[in-house]
Each structure stands twice: as C-alpha cells, then as structure tokens.
Amino acid sequence: LPPAAARAFARRAVAADGARGAGTRPIWLWRALLLLLVLGGVLGLLWFEQQRAQDLRAQLDGALAAGCTPADALNALEQRLLALDPLESKYPEIWRRLTAERERCSAAERLAAALDTGSGDCARLESLRAALASRDAGRPPFAALAERLDAELAACRMARGLEERL
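Overview of the structure.

Rules of the game
Residues numbered from 1 in each chain as written. Predicted model: local features only at pLDDT ≥ 70, side-chain atom pairs only at ≥ 80, totals over all residues. Heavy atoms only, no water. Helix = DSSP H or I, 4+ residues; strand = E, 2+ residues; numbered from the N terminus. Buried < 20%, exposed > 50% of the residue type's maximum accessible area, 1.4 Å probe, protein only. Contact = heavy atoms within 4.5 Å. Polar contact = N/O pair within 3.5 Å; in protein donor to acceptor, adjacent residues only side chain to side chain. Expected span 1.5 Å × (residues − 1).

**A closer look at the environment of Leu81**
Right, on to step 1. Among the structural elements, Leu81 can be located in helix 2 (residues 71-84).
Right, on to step 2. The exposure class of Leu81 is buried, given its relative accessible area of 0%.
Right, on to step 3. Along the primary structure Leu81 and Ile94 are separated by 13 residues, whereas in three dimensions their C-alpha atoms are 8.8 Å apart.
Right, on to step 4. Residues in contact with Leu81, not counting those within four places in the same chain, are Leu56, Pro86, Tyr91, Ile94, Trp95 and Leu98.

The structure is reproduced here in structure tokens:
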C-alpha cells in the first residue's frame, strides 16, 4: 500500500472506531450516573433513618429526665413509636427502654399508694423500705418517695423510743 492510502485507511479506521466508542460511552456514563443516584438514595434513606432513631432517643431521654410526672411525654413517645414501628422491630432498644420506664413508673405509683395507706404502720413501712432498696432511689420519683419514707420511718423510730421510755 502506498503511504497516502495507508494514511487514509488509518483515518477511516480511527473515525469508525471513534464512532463506535462514541455510541457506547454515553451508555456507560448513564449507567454510572444511575448507579450513583441509587447509591445516593440508599445512603440518604439510611441517614434519615439514623436521624429519626436519634430523635426518638432524645425524646425518650427527655421523658426519662422528667421522671414519671408527665405521663403524657411517655404516652406521646409511645404513640409516635406505634406510628413508625407498629411491629416493634425497627427500634427494639427504644421500645425496651420505654417499657422499662413504664414499669418503673407503675412501680413508683404502687409504692406511693402503699406509702399513703401504710402511714403509721411501722412494720409495713419497713417492708416498703426493703422494696424501695431494690429500686434506683436517686432518680425521680423514687427519690421523693425515699425521702417521704425516711421521714415516716424516723417518726416510727421516735415513737418506739418514746414507748420504751414509758
């Protein structure tokens, strides 16, 4: 082949190869872009779910810090959790903590009722003291109940001391 013909052949081959490559590059580009969009969407959903769980934990911590006095805070959190997780499978740790807090609040209510009815009954007050010892007396509402129970027990000790003197 003469050099001019070889050059013309090479130009046509490069042009044909370039035309073939030009058609396939955008397909790969679109596939890569689609893959990035799907990956971005999945990561966005994971981030959103993490933020929601963090918000639920913060709401639960706020309700726990307030003690058992505003039962509405625990009820509102439970309603929100039921709307987001009716099967109680997405946020098991939050459900577990909420259930434990509800049990703690009901135990405090039972202890307060027993303290109200057992006022003046020193033997019963001693048994309530033993029941309170198994609870975290440093957190509300058990802290206030412990103070009240200690005052009642102090009155019992004073009454026993007076009885012994007589």
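So that's the structure; there's more coming.
**Overview of the side chain of Glu101**
Right, on to step 1. Inspection of the secondary structure assignment puts Glu101 in helix 3 (residues 92-117).
Right, on to step 2. Overall, the relative accessible area of 3% leaves Glu101 in the buried class.
Right, on to step 3. Separated by 3.1 Å, the side chains of Glu101 and Arg104 make a polar contact.
Right, on to step 4. Leave out the neighbours within four places in its chain, and Glu101 touches Leu64, Gly67, Cys68, Leu74 and Arg139.

**Quick word on helix 5 (residues 142-165)**
Right, on to step 1. Helix length check: helix 5 (24 residues) gives 34 Å between terminal C-alpha atoms against 34 Å at 1.5 Å per residue, within 8%.
Right, on to step 2. Buried within helix 5 are the following residues: Phe142, Leu145, Ala146, Leu149, Leu153 and Cys156.

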